[in-house]
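Architecture and fold: a report
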Amino acid sequence: MTYLNENYQNPGPSWPYPYPSNPMPANWPYMPTPWIQEDDSSYRAKEQPLTFVLVHGSWADASFWAGVAAELSKKGHTVFVPEFPGHGADPNKNVTHGMISKSVADFIISHKLHNVVLVGHSFGGSVIQKVAELVPDRLKRLVFLNAFVLKDGEMLADELPPQVVEQFKKLGASSKNNTITLPFDFFREAFTNLASLSQAQQIYKKAFPEPVGPLFEKLDLKKFYSLPIPKSYVHLMEDNVIPFGDPNYGWHPHMSSRLGLFRFIQLHGDHMTTAHYEPKLVASKLYEAARD
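Residues numbered from 1 in each chain as written. Predicted model: local features only at pLDDT ≥ 70, side-chain atom pairs only at ≥ 80, totals over all residues. Heavy atoms only, no water.

Now for the overall build of the protein chain. From N to C terminus, the protein chain includes nine helices and eight strands. Here the protein chain holds 292 residues, and 55% of them are scored as buried. In the protein chain, once contacts between residues fewer than 6 apart in sequence are set aside, the share between residues at least 24 apart is 76%. (Helix = DSSP H or I, 4+ residues; strand = E, 2+ residues; numbered from the N terminus. Buried < 20%, exposed > 50% of the residue type's maximum accessible area, 1.4 Å probe, protein only. Contact = heavy atoms within 4.5 Å.)

Next comes the structure, spelled out in structure tokens:
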């Protein structure tokens, strides 16, 4: 698959205001109000209106969801995109997984949200697992988009091949603030394998250094596995972040199967490119995963 429309969602020099007709709030990326998009009644289909909270993954910030959030909003959904500690504009990279998950739970509480469809991408999967433990009564469904589903007592590093873990440890040790900055060649082949070179370069420009700490924290998830919250897994089939072919690793079915009874949605796509360059497709699949 090749993404031909390289100018779609090109942030350009005016970022973070990619929609000139309706710019984001001035205090972006913390999003204290729902993502607003101009009404377009001709675009709207008859969809069940839902409230989405979208949680990004590693080497990203809330802008990862810009196009997807706009597409969901066009369909009449209410969409929130919280930023969490150690990411985006936050200069403090000395954060814990607990701080991150609590910040998302606090966001949901402070905005008085209920019946939330909580979506996690990549690292965000482990975040929504812990958020579910903190605010289970406010959640309608959990949706994992090629996201980690950790076992009780695991850390994210347990789900990565040993050679990748060693590389991450070396990159963190060589940094000045205990973060991991991915080399472009690794990012291009693993995270944006379906992109053109220019698209991969554009996405890489927004790849923030990732705090090391949360990747190596063991998580107590006993409560998560006792919760009756409905769950969905959306699988991007060409995602190469975790290498194919090894039964000990992988998004689906290796991690997705841990959810027990879950709704399964699948589409062609890779880890980063698809959300950036085919947001309408991703939004439609998230809705299929979330609706009643």
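Now that the structure is up, let's keep going.
For the rest of this paragraph, the subject is the packing of aromatic side chains. Per the counting criterion, the structure on display carries 13 aromatic pairs. Clustering of aromatic rings is evident, with ring pairs tying together Trp-59, Phe-168, Phe-184, Phe-186, Phe-187, Phe-191 and Tyr-204. (Phe/Tyr/Trp six-rings, centres within 6.5 Å; stacked < 30°, edge-to-face > 60°.)

Right, let's talk about unusual backbone geometry for a bit. For residues that are not glycine, phi is negative in most cases, and the peptide bond is trans in most cases. The peptide bond linking His-252 to Pro-253 adopts the cis configuration, its omega dihedral lying at 5°. Secondary-structure assignment places Pro-253 in helix 7 (residues 251-255). Of note, Lys-112 is a non-glycine position whose phi angle comes to about 55°, a positive value. Within the secondary structure, Lys-112 sits in the loop between helix 2 (97-110) and strand 3 (116-122).

The next subject is helix 9 (residues 279-290). Between its terminal C-alpha atoms helix 9 stretches 16 Å, which fits the 16 Å expected from twelve residues at 1.5 Å a residue. Taken together, the buried positions of helix 9 are Pro-279, Val-282, Ala-283, Lys-285, Leu-286, Tyr-287, Ala-289 and Ala-290. (Expected span 1.5 Å × (residues − 1).)

Moving on, we come to the sheet that holds strand 2 (residues 78-80). Across the sheet, six strands lie side by side as 2-1-3-4-7-8; this open sheet has parallel pairing. Pairing within the sheet leaves two strands with one partner each, and these edge strands are strand 2 and strand 8 (263-267). Neighbour-to-neighbour, the strand axes of the sheet open up by a mean angle of 20°, direction not taken into account. Strands strand 1 (51-55), strand 3, strand 4 (139-147), strand 7 (231-236) and strand 8 of the sheet are contacted by helix 9, whose axis makes an angle of about 165° with strand 8. (Pairing = 2+ DSSP bridges. Axes fitted to C-alpha atoms, helices over the stretch in contact; angles between N-to-C directions.)

Function cannot be read off these values alone, since they describe shape.
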